[in-house]
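In case you want the letters, here they are:
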Amino acid sequence: MASHYEAPIRKPLVLGDKGYHDVSVDIARPVEGKANKQWWIVFTIALVAFLWGLGCIIYTISTGVGVWGLNRTVNWAWDITNFVWWVGIGHAGTLISAVLLLFRQKWRMAINRSAEAMTIFSVIQAGLFPIIHMGRPWLAYWVLPIPNQFGSLWVNFNSPLLWDVFAISTYLSVSLVFWWTGLLPDFAMIRDRAVKPFQKKIYSLLSFGWTGRAKDWQRFEEVSLVLAGLATPLVLSVHTIVSFDFATSVIPGWHTTIFPPYFVAGAIFSGFAMVQTLLIIMRKVCSLEAYITVQHIELMNIVIMITGSIVGCAYITELFIAWYSGVEYEQYAFLNRATGPYWWAYWSMMTCNVFSPQFMWFKKLRTSIMFSFFISIVVNIGMWFERFVIIVTSLHRDYLPSSWTMFSPTFVDIGIFIGTIGFFFVLFLLYSRTFPVIAQAEVKSILKSSGERYKKLRDAGKPLYEKPAHKNTPKQEIITDDELMGEAKPTVGDKVGVSELLGSVGTFDATKETADDLKKIKGIGPEMERILNEIGIFTYAQVGRMTEKEYDLLDSITGRFPGRAQRDDWAGQARILNNKK
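Cut-off values and rules
- Residues numbered from 1 in each chain as written.
- Predicted model: local features only at pLDDT ≥ 70, side-chain atom pairs only at ≥ 80, totals over all residues.
- Heavy atoms only, no water.
- Helix = DSSP H or I, 4+ residues; strand = E, 2+ residues; numbered from the N terminus.
- Buried < 20%, exposed > 50% of the residue type's maximum accessible area, 1.4 Å probe, protein only.
- Areas by Shrake-Rupley, 256 points an atom, 1.4 Å probe, with all protein chains shown as cover.
- Axes fitted to C-alpha atoms, helices over the stretch in contact; angles between N-to-C directions.
- Left-handed = near helix turned anticlockwise from the far one by under 90°.
- Contact = heavy atoms within 4.5 Å.
- Nonpolar A, V, L, I, M, F, W, Y, C, P; charged D, E, K, R; others polar.
- Patch = residues over 30% accessible without salt bridge, like charges linked within 9 Å, V, L, I, M, F, W, Y side chains within 5 Å.
- Salt bridge = Lys/Arg side-chain N within 4 Å of Asp/Glu carboxyl O.
- Phe/Tyr/Trp six-rings, centres within 6.5 Å; stacked < 30°, edge-to-face > 60°.
- Lys, Arg positive; Asp, Glu negative; His and termini not counted.
- Charge placed at Lys NZ, Arg CZ, Asp CG, Glu CD.

Caption draft 1: Quick look at the overall build of the chain. Broken down by element type, the chain carries 25 helices and zero strands. Burial analysis of the chain (581 residues in total) assigns 52% to the buried set. By element, 67% of the accessible surface of the chain is carried by carbon and sulfur atoms, the whole surface being about 27,100 Å².

Pasting the structure below:
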C-alpha cells in the first residue's frame, strides 16, 4: 500500500468509482462504438473546410503563386506565418511526452496521447506550406544534390531554411516513433477486445505482437526513456532554428538575439493552448470527464499563464532593446508596429497573448471549463497575429520609403489556411475513432495512487482491493469454474424490479423484432439466456442500454452471480454485436 501512497491534499486525477476494467471499457468505447451526432457535425464542418483548402491549393499550383497577395516588398507573408504557427502548435506534444515524463508528472498520463497526435498532425500542416510555395512541387527533386541536366545543384547549407528541413523532419520522426511506441499497449487492448476478425487482424499488426509480458514492459520503459532523452533537446532546437529564419537577417525587427528563447516560449504557449482546445472538446464528445478532469485543465492553464508571461517579457525586452540601441531603423520598426497601419494586429497580439492569460491567476477562472476553452482559442488567435506582426510589419516598411507598401491576403491565401485547419481536424477526428485517445496503460499505472476510488479507500483505512459497496448488491457467492465459463444455472426468484429494469432497457415486441443470440455475449450461457428471456430481455439493443443501475437491478432479480454483467461488460459487448447486424 505504501508504494501507491499519495498525499491526501492532492486531488484525484481519475474521478469516480473506476477500476482497471472500467478504464479499458471507457477508453475503448469511442473506438468500438458508433460515432455520435456531435462527432459527425464537427467532422462535416472540418471536411468542408479541408475540401475548400484543397481546391485553393490545386488552383495555386495550376495557376502559380501569383494568386497569393505577395508583392515585391512583402515577399513573405501569409504562407510563412501559417508555417511558423503550425510548427509552434506542434511543440506541446513533445513537451508533455518527453519533458513531463522525465520529471515524472502524473497529470500528463491522460493528455499525452492526444498531444502527441496533435504534434504529428500539426507538423504535417506546416510541411504543406514549403511544398506549395515551391510553385512546381513536382520538381522538388531539384533541391537534392543529384546530377541532372543543369549539373549537380547544391543547396546552401549556410541557410537557416535548410536547417529547418533537418530540424523539423527529425522532430517529426522522433515524435512519430514516440507516439507509436506509447500506443502499443493500447492497440493490444483493442485487439484483445475486438469481435470482428478483420478488426482483430488490423490491431494485431499495429500492436507489433505486444503480449504484456514483463519483458515487454521492461523494453517499453527503456525505449520511452531513451526517446524522451532524444526528444527533449528537440523542444528547444526546432523552434530555435525556425527563429533563425528571421534572426540571422539584417532586417529591422528581425535582427535580434532574443528570438530563440522567445520563439520557444511562444511555441509552448500556443501548443498548450491548442491541446487545451482539443481536450475540452474531446472530454465532452467522447464522455471522458472522469479522465480529463478539471485538475488537468487547471494545470494546463497554469502552464499557459507562465509561458504567456514569458512571452510578455520578451515583447517588453524587444521594445527596450530597440530604444536602448539608438538605431533609428530598429526604433521605427517597433513604433510602426504599435502605431502604423497594422496597429490593430499588434494590439490584438498584445491583448490575446499578454493580457488574457493573466486571468488565470484567479482559481475560479482557471477551473472554469468554458472560460478555459475561450482563452485557449484567444491565445491561438494571438499567436497567429504574433507571427503576422513579426513578418509583415517588418517587411512592408523597410529602409527605402519608395518601396513601402501594404499586404492584403487574397481569397486563396485565406482558403489554404482554413483548409489546413480543416485537414488538421479531419485527421484528429479520424484518429479519435480509430486510436485510443487516452493512454489506458499509463492511466492504470496511476490508478491506485491518484484514482478517486482508491484514495477514498486509503483515507478510510481499508485495503485497496476492497470493492465499494452497492446498496442493491446481495451477498457474494462462490462462483465455480463452470459458472465462470458461462454455464451458470440461476433461477429467477424475486420479480420485484423487472418492470423498472425493462423501463430502462426497453421492451421486446415479438411482432416487430427478432430475438438475438445472447449466448454470443461472453458470460451468458444457455441458462442465463433463458433467465434473461423470462425477464423480457431478448435483444442486443436491450442489453446494450444497461448501466450500473441496470446491472444492480439484474443482480437483485436473479439473486445470484452479482457483478458478473458489469465485470464482463455485457453492455459493451452487446453494442458491438448490435453494430454488426
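Caption draft 2: Structural context of the packing of helix H5 (residues 112-133) against helix H15 (residues 411-434). Where H5 contacts H15, the axes come no closer than 10 Å and their chain directions differ by 150°. Both H5 and H15 take part in a crossing whose hand is right-handed. Here Arg113, Ser114, Ala117, Met118, Phe121, Ser122, Ile124, Gln125, Leu128, Phe129 and Ile132 of H5 lie close against H15, whose contacting residues are Ile416, Thr420, Phe423, Phe424, Leu427, Phe428 and Tyr431. Looking at side-chain class alone, the contact of H5 with H15 contains 13 nonpolar, four polar and one charged residues.

Caption draft 3: Main features of the environment of valine 285. Relative to the helices and strands, valine 285 is located in helix H9 (residues 259-285). Distance in space between the C-alpha atoms of valine 285 and lysine 37 is 9.2 Å, their sequence separation being 248 residues. Non-local contacts of valine 285, meaning those with residues more than four positions away in its chain, are made with Asn36, Gln38 and Trp39.

Caption draft 4: Up close: a nonpolar patch on the surface. Among the surface-exposed residues, Met134, Tyr141, Trp142, Val143, Leu144 and Ile146 lie close enough to one another that they form a single nonpolar patch of about 510 Å² accessible area. Along the chain, the position of methionine 134 falls in the loop between H5 and helix H6 (160-193).

Caption draft 5: Representation of the environment of tyrosine 262 within the structure. Along the polypeptide, tyrosine 262 turns up in helix H9. Taking the C-alpha atoms as reference points, tyrosine 262 and glutamate 318, separated by 56 residues in sequence, lie 9.9 Å from one another. Discounting residues that sit within four places of it in the chain, tyrosine 262 has contacts with Val311, Ala314, Tyr315, Glu318, Glu386 and Ile390.

Caption draft 6: Looking closely at the packing of aromatic side chains. In total, this model carries 53 aromatic pairs according to the counting rule given. With 6.4 Å between their ring centres and 40° between their planes, tryptophan 76 and tryptophan 254 make a pair best called tilted. Placement of tryptophan 76 in the loop between helix H2 (37-63) and helix H3 (78-89) and of tryptophan 254 in the loop between helix H8 (214-247) and H9 is noted, with a sequence separation of 178 residues between them. One exposure class covers both tryptophan 76 and tryptophan 254, and it is buried.

Caption draft 7: Quick look at a positive patch on the surface. Together, Lys34, Lys196, Lys520 and Lys580 make up a positively charged patch on the protein surface. Tracing the backbone through its elements, the reader meets lysine 520 in the loop between helix H20 (498-505) and helix H21 (526-535). For lysine 520, a relative accessible area of 57% gives the class exposed.

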